[in-house]
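Listed here are the chains, written in short residue letters.
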Amino acid sequence: QVQLVESGGGLVQAGGSLRLSCAASGLTFTNYMMGWFRQAPGKEREFVAAISRSGGDTWYADSVKGRFTISRDNAKNTVYLHMNSLKPEDTADYYCAARHGVLLYYNPVNYSYWGQGTQVTVSS
């Protein structure tokens, strides 16, 4: 049974930082591209960042480029999202997801497995 478990969310002031983690089990981690998505209340789920199986390639939404960094530790079956210079508009539930392939990495429908989400709230 595949499980993706996010952690690290919380309340932070604008300009602050958080590191989200997503621990994967029940799958061969190195076979999967990993992504982070977020969903704010009343809005659709949106792409945040993705990382290739080896970690050699990364992709970011324009809204987080230069502030967020995605990384993975294949020895620990874990993917991370380092978030700096947080803004109130970053407030959302953050989800990690896993998929085969890389095409259309920004489209959530292409991801096979999802975590339960972790809440991030940025106060102004």
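Small disclaimer: the values here were computed from a predicted structure and weren't measured.

Q: Break down the overall build of the protein chain for me, with residues and values.
A: When its secondary structure is counted, the protein chain shows 0 helices and 11 strands. Starting at the N terminus and walking to the C terminus, you meet the elements of the protein chain as β-β-β-β-β-β-β-β-β-β-β. The globule rule puts the C-alpha radius of gyration for 124 residues at 14 Å, and the 13 Å found for the protein chain is close to it. Dimensions along the principal axes, computed over C-alpha positions, put the protein chain at roughly 40 × 25 × 25 Å. Evaluated residue by residue, the protein chain yields a buried proportion of 42% over its 124 residues. Look at the contacts in the protein chain between residues 6 or more apart in sequence, and 57% of them connect residues 24 or more apart. Here the protein chain displays about 6,300 Å² of accessible surface, and carbon together with sulfur accounts for 46% of that area. The average position of the 11 basic charges and that of the 9 acidic charges among the side chains of the protein chain differ by 4 Å.

Q: Outline the sheet that holds strand 1 (residues 3-7), supporting the account with residue identities and numerical values.
A: The antiparallel open sheet is built from 4 strands, whose spatial order is 1-3-8-7. Only two strands of the sheet have a single neighbouring strand rather than two, namely strand 1 and strand 7 (68-73). Sheet twist, expressed as the average angle between the axes of neighbouring strands with direction ignored, equals 15°. Bridge count for strand 7 against strand 8 (residues 78-83) is 6 bridges, and the pairing is antiparallel. Among the inter-strand pairings, Phe68 is bridged to a residue of strand 8, identified as Met83.

Q: Give me the lowdown on the state of the cysteines, citing residues and values where you can.
A: Within the structure shown, the criterion is met by 1 disulfide. Here Cys22 is linked by a disulfide to Cys96, with a sulfur-sulfur distance of 1.9 Å. What sets the handedness of the Cys22 and Cys96 disulfide is the S-S torsion sign, and at about 45° it is right-handed. Within this pair, whereas Cys22 is found in strand 3 (residues 18-25), its partner Cys96 is found in strand 9 (residues 92-99), the two being separated by 74 residues in sequence. For the pair Cys22 and Cys96, one class covers both residues: buried.

Q: Just give me the short version of the pattern of salt bridges, but keep the residues and values in it.
A: Applying the stated rule across the entire model yields 4 salt bridges. A salt bridge links Arg38 to Glu46; the shortest N-O distance between them is 2.6 Å. Its relative accessible area of 5% is what places Arg38 among the buried residues. Look at Glu46 and you get partly exposed, because its relative accessible area is 35%.

Rules used throughout
Residues numbered from 1 in each chain as written. Predicted model: local features only at pLDDT ≥ 70, side-chain atom pairs only at ≥ 80, totals over all residues. Heavy atoms only, no water. Helix = DSSP H or I, 4+ residues; strand = E, 2+ residues; numbered from the N terminus. Rg over C-alpha atoms; globule rule 2.2 N^0.38 Å. Buried < 20%, exposed > 50% of the residue type's maximum accessible area, 1.4 Å probe, protein only. Contact = heavy atoms within 4.5 Å. Areas by Shrake-Rupley, 256 points an atom, 1.4 Å probe, with all protein chains shown as cover. Lys, Arg positive; Asp, Glu negative; His and termini not counted. Charge placed at Lys NZ, Arg CZ, Asp CG, Glu CD. Pairing = 2+ DSSP bridges. Axes fitted to C-alpha atoms, helices over the stretch in contact; angles between N-to-C directions. Disulfide = S-S within 2.5 Å. Salt bridge = Lys/Arg side-chain N within 4 Å of Asp/Glu carboxyl O.

On their own, these measurements won't tell you what the molecule is for.
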